[in-house]
Amino acid sequence: MEILVCVKRVPDTAENEIAVNKAGTDIDRDDLVYSVNEWDNYAVEEAIQIRDKVGGTVTVVSVGDDEAEEVVRREMAMGADNGLLLCDDAFTGSDGKGLATILKAAVEKGNFDLILTGAQADDGAGQVGGMLAAMLDWPYASLVNLVEIIDDKKIKVGREIAGGNQEMNEMDLPCVLSIQTGINEPRYVGIRGIRKVASVEIPVKGAADLGLAADAAGKAGAKVDRLDYFVPELGEGAEMLEGSTEEIIEKLVEILKAKGGIK
Amino acid sequence: MAQQIFAYILHKDGVVDDSAQELIVAARKLDPEAAVTAVVGGAGEQLAQACQQAAAIYPEVWKIDNPALAYINAEVIRPMLARIIPAGAITLVPHEHFGMDLAPGLSIKLNAAYLPDVVGFEGVEGGRLRAVREEFSGQVSTHVNCDLSGGAVITVRPGAFQPQEGQAAGGQVVDKSGEAGAAEPRRRYLETVAAEVGDVDITKSEILVSVGRGIEDQDNLELIHELAEAVGGEVSCSRPIVDAKWLEKARQVGTSGQTVKPKVYLALGISGSFQHMGGIKGAPFMVAVNKNPKAPIFQAADVGVVADILEFVPELTEKIKESR
């Protein structure tokens, strides 16, 4: 099974408070800690587990600038066989369709049976996997929380639906799946793993290498673009309890008793 | 410029989803002059019932009746929709598990723009739609511009457009099954596996002590169990806790977990994503404790405390025990 996993370098929301910069043109990126998109990490783990069961290779690909190399390398330290970085000034300002166009060009240079993406990133769009599948004319399943390989033509896929239920499907290969968190337990990447891949060369490909026209992606090809960032005007919200911890707790216990929060 | 807008209608057991009401509000907000058509796919009697209900909301309903749609499968209906939706139209789809499966690929097949998970529309100017989205779990919002010249597929966040008291539309049902044609499904539905019922039923509890990512480590869950015991409630949680396998799925509150209706809800170290809030019904009295003063949970809560739960919860538990 030749598996491609698409990963993205994003600000780590568990480590950062996200704020808007003064001009409102972007989030404040000074001092942000970046990491691999959480959903993508589950996708890479799933790919490694599939390869270990049925054989084949796992290739990790990212569209981004030079710094995206660090997340590709991290996922290789996890156990992916190959890395690939798609990097070109012409890619800057791509919308979801632009990203899918770039990835499609890379897919067509390879010979993949299965493509995994994370179900979404922190912008919450969840779009690239479904677009890529439609461009390739491959079947697609989103929010996947179970994958079983049947043979080299078919797989069984579970999708998360409402209320904790799971929808089971049989799918033809090749196909594209977007992976939901919780499907597995992504392995810990230790310092030994990082060292092992520290000097591996990761190929970098630009628009020309992929046979893409200059306006196939990037800002020129984008039908959707961000105008600004802002902090939403909020409603009244909660009554915030203030004072010393002792005072706050005293007040809170009183409130909980009055509202039936202490039986 | 009046757009042609289509709304994709979800239904189950012959009953249309709440999103049918929300999408027509969204469509009117997007363009008050637009002609709005509901599209309903399915099979047989249940489809007929759903179409009747959609016709009470929409002036026109397009029906796609096909045995392959008895269980709705995005891979089957996507090519059918691509055949009947005209170029340049706008298609609205609810941003939930089915919409996320259908919509991105549909935009490619229609050669239209894709605008995901919208929470607000601010009008069309010069063929470009101005819309509002949220990023980073609602910590920041953005205005986005979407080029409508080639049409658009737009997913709409559930609950973002509140249904209004509607007049009966008396809509007409048009059978589009023939035009929609058939599809060779390369993804075949097998079955639905129901959620595991754990040894606790959090949907029955009047007091929920709910914990999120702020707990940091599995060992720290002890603090939450102790507080739950002190107040006489059950422990519930947000998604990351279940993903990490620290608590069982049956305790997860949210759109992909349980829908709960307690009297009092304590949200501890929970940021308050819309998926989590979507699992809480009946407006319980909500107390939120979070170290991030900008956490969206403080907008939904009645009472808020900015604190690290690891320090705050043990002291609270102690005080509650004393006060008994």
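Cut-offs and rules
Residues numbered from 1 in each chain as written. Chains lettered and ligands numbered in written order. Predicted model: local features only at pLDDT ≥ 70, side-chain atom pairs only at ≥ 80, totals over all residues. Heavy atoms only, no water. Helix = DSSP H or I, 4+ residues; strand = E, 2+ residues; numbered from the N terminus. Buried < 20%, exposed > 50% of the residue type's maximum accessible area, 1.4 Å probe, protein only. Polar contact = N/O pair within 3.5 Å; in protein donor to acceptor, adjacent residues only side chain to side chain. Patch = residues over 30% accessible without salt bridge, like charges linked within 9 Å, V, L, I, M, F, W, Y side chains within 5 Å. Areas by Shrake-Rupley, 256 points an atom, 1.4 Å probe, with all protein chains shown as cover. Salt bridge = Lys/Arg side-chain N within 4 Å of Asp/Glu carboxyl O. Lys, Arg positive; Asp, Glu negative; His and termini not counted. Charge placed at Lys NZ, Arg CZ, Asp CG, Glu CD. Core = buried A, V, L, I, M, F, W, Y, C linked by side-chain atoms within 4.5 Å. Contact = heavy atoms within 4.5 Å. Expected span 1.5 Å × (residues − 1). Pairing = 2+ DSSP bridges. Axes fitted to C-alpha atoms, helices over the stretch in contact; angles between N-to-C directions. Left-handed = near helix turned anticlockwise from the far one by under 90°. Nonpolar A, V, L, I, M, F, W, Y, C, P; charged D, E, K, R; others polar. Phe/Tyr/Trp six-rings, centres within 6.5 Å; stacked < 30°, edge-to-face > 60°. Lys NZ or Arg CZ within 6 Å of the ring centre and 35° of its normal.

Visitor: I'm lost on unusual backbone geometry in this one. Help?
Guide: Leaving glycine out, the prevailing phi sign among residues is negative, and the prevailing peptide bond configuration is trans. Here Leu173(A) and Pro174(A) are connected by a cis peptide whose omega angle stands at 0°. On the secondary structure map, Pro174(A) appears in the loop between strand 9 (166–172) and strand 10 (175–179). Notably, Phe136(B) is not glycine yet its phi reads approximately 50°, a positive angle. Note that Phe136(B) resides in the loop between strand 8 (128–135) and strand 9 (140–147). The phi torsion at Ser137(B) lies on the positive side, around 50°, for a residue other than glycine. Mapping Ser137(B) onto the fold places it in the loop between strand 8 and strand 9. The partly exposed category is assigned to Ser137(B), whose relative accessible area is 40%.

Visitor: What should I look at first to understand helix 3 (residues 74–84) of chain B in this one?
Guide: Burial analysis of helix 3 of chain B places eight of its 11 residues in the buried class, which makes it a mostly covered element. Residue Asn73(B) occupies the N-cap position of helix 3 of chain B, its side-chain oxygen lying 2.8 Å from the main-chain nitrogen of Glu75(B).

Visitor: Could you clarify how one ought to interpret a negative patch on the surface in this entry?
Guide: A surface patch of like charges, here negative, comprises Glu246(A), Glu247(A), Glu250(A), Glu254(A), Glu311(B) and Glu315(B). Counting residues per element, the ones that place at least two in the negative patch are helix 7 (245–259) of chain A together with helix 10 (309–322) of chain B. Considering each element in turn, the negative patch owes the most residues, four residues, to helix 7 of chain A. Within the secondary structure, Glu246(A) sits in helix 7.

Visitor: Just to check I follow, could you spell out the nonpolar core for this structure?
Guide: Nonpolar side chains tend toward joint burial in soluble globular proteins. With 54 residues, the main nonpolar core has Leu86(A), Ile115(A), Tyr8(B), Ile64(B), Ile77(B) and Leu81(B) as its most contacted residues. By residue number, the principal contributor to this core is helix 4 (residues 128–136) of chain A, which donates seven residues. When sequence neighbours within four positions are dropped, the list of residues in contact with Leu86(A) reads Val61(A), Ser62(A), Val63(A), Gly64(A), Phe91(A), Ile102(A), Leu103(A), Ala106(A), Lys205(A) and Leu210(A). One finds Ala27(B), Leu30(B), Ala38(B) and Val118(B) within the second-largest nonpolar core, a separate group that totals 39 residues.

Visitor: Just to check I follow, could you spell out helix 1 (residues 19–30) of chain B for this structure?
Guide: Each full turn of the α-helix corresponds to 3.6 residues, which orients residues three or four apart in the same direction. Residue and element names in this part refer to chain B. Taking 1.5 Å of rise per residue, 12 residues should cover 16 Å, and helix 1 covers 16 Å from first to last C-alpha, within 8% of that figure. Most of helix 1 sits out of view: nine of its 12 residues are buried. Taken together, the buried positions of helix 1 are Ser19, Ala20, Glu22, Leu23, Ile24, Val25, Ala26, Ala27 and Leu30.

Visitor: Would you mind showing me how to read the pattern of salt bridges here?
Guide: Pairs can form between side chains of opposite charge once their charged atoms are near each other. Summed over the entire model, instances satisfying the criterion amount to 37 salt bridges over all chains. A salt bridge links Arg186(B) to Asp137(A); the shortest N-O distance between them is 3.6 Å. Residue Arg186(B) is found in the loop between helix 5 (177–180) and strand 12 (187–193), and its partner Asp137(A) is found in the loop between helix 4 and strand 7 (140–149); the two belong to separate chains. Note on Arg186(B): relative accessible area 31%, which makes it partly exposed. For Asp137(A), a relative accessible area of 44% translates into the label partly exposed. In this structure, Arg128(B) and Asp225(A) form a salt bridge, with 3.5 Å as the shortest nitrogen-oxygen distance. Taken together, the residues Arg128(B) in strand 8 and Asp225(A) in strand 12 (residues 224–230) connect one chain to another.

Visitor: Whenever I open this one, the pairing of strand 9 of chain B confuses me. Can you help?
Guide: Taken residue by residue, a regular strand's side chains alternate between the two faces of the sheet. In terms of residue burial, strand 9 of chain B counts as a mostly covered element, since eight of its eight residues are buried. Of the pairings in the sheet, the one linking strand 12 of chain A to strand 9 of chain B comprises six bridges and is antiparallel in character. Within strand 9 of chain B, the residue paired with Arg226(A) across the bridge is Val144(B). Pairing between strand 8 of chain B and strand 9 of chain B: eight bridges, direction antiparallel. Bridge pairing in strand 9 of chain B places Arg133(B) opposite Thr142(B). Two successive antiparallel strands, strand 8 of chain B and strand 9 of chain B, enclose a turn made up of four residues, where Phe136(B) displays a positive phi of approximately 50°.

Visitor: When you look at the packing of helix 3 of chain B against helix 4 (residues 97–109) of chain B in this model, what are you seeing that I'm missing?
Guide: Residues and elements named next belong to chain B. Here helix 3 crosses helix 4 at 35°, and the two axes come no closer than 9 Å. In this structure, helix 3 crosses over helix 4, and the sense of that crossing is right-handed. Contacts from Ala74, Ile77, Arg78, Leu81 and Ala82 in helix 3 reach Phe98, Asp101, Leu102, Gly105, Leu106 and Lys109 in helix 4. Among the residues forming the contact of helix 3 with helix 4, the class breakdown is seven nonpolar, one polar and three charged.

Visitor: Is there a simple way to think about the packing of aromatic side chains in this case?
Guide: For any pair of aromatic rings, the description consists of the separation of the ring centres together with the inter-plane angle of the planes. Counted under the stated rule, the structure contains four aromatic pairs over all chains. The ring of Tyr34(A) has Arg9(A) sitting right over it, with the charged end atom 4.0 Å from the ring centre. When the ring centre of Trp62(B) is taken as reference, the NZ or CZ atom of Lys176(B) above it lies at 4.1 Å.

Visitor: I keep staring at the sheet that holds strand 10 (residues 152–156) of chain B and nothing clicks. Help me out?
Guide: Working definition: the strands of a sheet are paired by backbone hydrogen bonds and lie parallel or antiparallel to each other. Spatially, the 10 strands line up as an open sheet ordered 12(A)-9(B)-8(B)-7(B)-10(B)-6(B)-1(B)-4(B)-5(B)-11(B), and their pairing is mixed. Taken across any chain shown, the strands that pair with only one partner, and hence form the sheet edges, are strand 12 of chain A together with strand 11 (172–175) of chain B. Between one strand and the next, the sheet's axes are offset by a mean angle of 35°, whatever the strand orientation.

Visitor: Whenever I open this one, the sheet that holds strand 1 (residues 2–6) of chain A confuses me. Can you help?
Guide: Strand order in the open sheet formed by 10 strands is 11(A)-5(A)-4(A)-1(A)-6(A)-10(A)-7(A)-8(A)-9(A)-12(B), and the pairing between neighbours is mixed. For this open sheet the edge positions go to strand 11 (204–205) of chain A together with strand 12 of chain B, each flanked by a neighbour on one side alone. When strand 1 of chain A meets strand 4 (residues 57–63) of chain A, the two strands line up parallel, connected through five bridges. Paired with Glu2(A) across the bridge in strand 4 of chain A is Thr57(A).

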